[in-house]
Structures are given as C-alpha cells and as structure tokens.
Amino acid sequence: VKAVMTPNPVTVTEETSIYDAMDAMHKRNFGRLLVTRGHRLVGIVTELDLMRISPSAATTLTVWEQNALLAKMRVKEVMTVDPVTIDPDATVEEAALLMRDLHISGLPVVQNGKIVGIVTERDLFDAFVDLMHAPKPGARITLQVVDRIGVLAEMTRVVSDLGISILAIAAFDDEETETEAKSLIVLKVDTENPGPLVEKLEAAGFRVVHQAFGGTPS
C-alpha cells in the first residue's frame, strides 16, 4: 500500500465547518478528508456526506436560512466515526478486498497510530494500469489454459525462445468442471508483431483467445 498511497494527506478537525471542508475538497479535487483530534484519526468525511446535507430545492427553508444552518454545522456531525484503516505494509490486494467488501472508496493508512497516507480506488486503478504496463507499447495476448503444474513455465519458455521480453503476467479464474479447472493468462510482451508468437503458442498447444496491440483489439 505504501507504494501507491497518497502520503501526508490533508486533514481537518471535528470542529472544521462544513463550508471549509467543502472548500478544501473543491480546491484540491479531493473526494474525502480525514478527520483528526490532535494526531489521532477519529473519522472520515466524503463528498457524498457533504452533498447529503447541502441545500435542496425541495426544502421550505429560504436560501438564507439554509446557508445559516450550514454555517453552524461542523464536520463531526456528518463524518463516519472510527473508519476502517490499513497498514502501509499491507498489499494492494488486501486494500482492494477491504474496499470491495465494505463498499468504501478510500482507506486511511495508519502505522503505529499515526496517519501516514490515504489509499483510494483511483490509486488502485493506477496500480493495476502500472502492473500491466498499460501505457507502454507492446502486445497483449490472452490464453486459456488448463490449471496444472508447469503450464506457466512452458508458456514463458515459448516466449523466451523467440527472444521476446515479458512485461507483465496476470491470471484470472475462467471455467471449472468436475475434472479440470481453466484459467485465463494475460501476457503483455515487448513486441510490435505478435503474430509469430501467437503461432508458436498455438503450436505448443495453448489456446489464444484474444490479442491486442497498443490497446486496440486485433
């Protein structure tokens, strides 16, 4: 997590006004702010939290009355208390699972009781893009394989025999029957001409189900 988090995040206190919290989010294009009491994390407030208490056309209050009420409100009245946190040495997979299972979009990163960062959905998206070397040119080849010992070694040997570098590898569960399980293996390889590699992989018994170059399906 420490490799992808935003370090030293902006914080507010429980007594920060709603207006000031909104202003901080808009100026810095943040979707959430950590709330502290001294050096201790006590809450998190999101843009959605603030939108829920923003003036509405459905209310019978005048604009002046609505603004007067908001001016009196403090972050502590809308924040989520004692938010779930994660350690900087946790993996990005752990962070992603927590966010998915708890339906949250950001996690404060805390070490020994001290706030050291925040990790958000966008950070995880960026990590996935970097992991797959998406911005860099190269061929992306997806193969369906039967799960068995040695299959990855056989596949990578075909690639290396052609003198091609592997930039990234990812695996996803695909199909499972009573007798076998299959996975999808995604290879990002450093070549502008994947044709010969695809031919060699298929000749070796691998089923190529998709190929692309530069993000454009072939």
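Because the structure is predicted, anything quoted here is derived from the model rather than measured.

So, how was this worked out
- Residues numbered from 1 in each chain as written.
- Predicted model: local features only at pLDDT ≥ 70, side-chain atom pairs only at ≥ 80, totals over all residues.
- Heavy atoms only, no water.
- Buried < 20%, exposed > 50% of the residue type's maximum accessible area, 1.4 Å probe, protein only.
- Helix = DSSP H or I, 4+ residues; strand = E, 2+ residues; numbered from the N terminus.
- Pairing = 2+ DSSP bridges.
- Contact = heavy atoms within 4.5 Å.
- Axes fitted to C-alpha atoms, helices over the stretch in contact; angles between N-to-C directions.

Engineer: I would appreciate a short explanation of the pairing of strand β4 (residues 40-46) in the present structure.
Structural biologist: Side chains on a regular strand alternate between the two faces of the sheet. The element β4 is largely enclosed, with a buried count of five among its seven residues. With six bridges connecting them, strand β3 (residues 32-37) and β4 associate as antiparallel partners. Bridged to R32 within β4 is T46. Between β3 and β4, which pair antiparallel one after the other, the connecting turn spans two residues, and G38 there sits at a positive phi close to 70°.

Engineer: Any chance you could explain unusual backbone geometry here in plain terms?
Structural biologist: Note on backbone geometry: most residues besides glycine have negative phi, and most peptide bonds are trans. Of note in this structure, N29 is not a glycine but carries a positive phi near 60°. Locating N29 in the fold gives a position in the loop between α1 (18-28) and β3. Judged by relative accessible area, which is 68%, N29 ranks as exposed. Phi at H133 is positive, roughly 50°, even though this residue is not glycine. With respect to the helices and strands, H133 occurs in the loop between α5 (121-131) and β8 (139-146).

Engineer: Quick question: what am I supposed to make of the sheet that holds strand β5 (residues 80-81) here?
Structural biologist: Strands belonging to one sheet form pairs held by backbone hydrogen bonds; the direction of such a pair is parallel or antiparallel. Within the open sheet, the four strands sit side by side as β2-β3-β4-β5. Their pairing is mixed. Single-partner strands in this sheet number two, and they are β2 (11-13) and β5. Sheet analysis places β2 next to β3, joined by three bridges and oriented parallel. Looking at β3, one finds that V12 is bridged to V35. Of the strands in this sheet, β3 and β4 touch α1, which is tilted by about 135° from β3.

Engineer: I would appreciate a short explanation of the sheet that holds strand β7 (residues 114-120) in the present structure.
Structural biologist: Read across the open sheet, the three strands follow the order β1-β7-β6; overall the sheet is antiparallel. Both outer strands of the open sheet, β1 (6-7) and β6 (106-111), are each paired with one neighbouring strand and no more. Across six bridges, the pairing between β6 and β7 is antiparallel. By the bridge assignment, V109 is partnered in β7 with G117. The sheet contacts of helix α4 (residues 92-102) involve β6 and β7, and relative to β6 the element is tilted by about 135°. Of the strands in this sheet, β1 and β7 touch α5, which is tilted by about 65° from β7.

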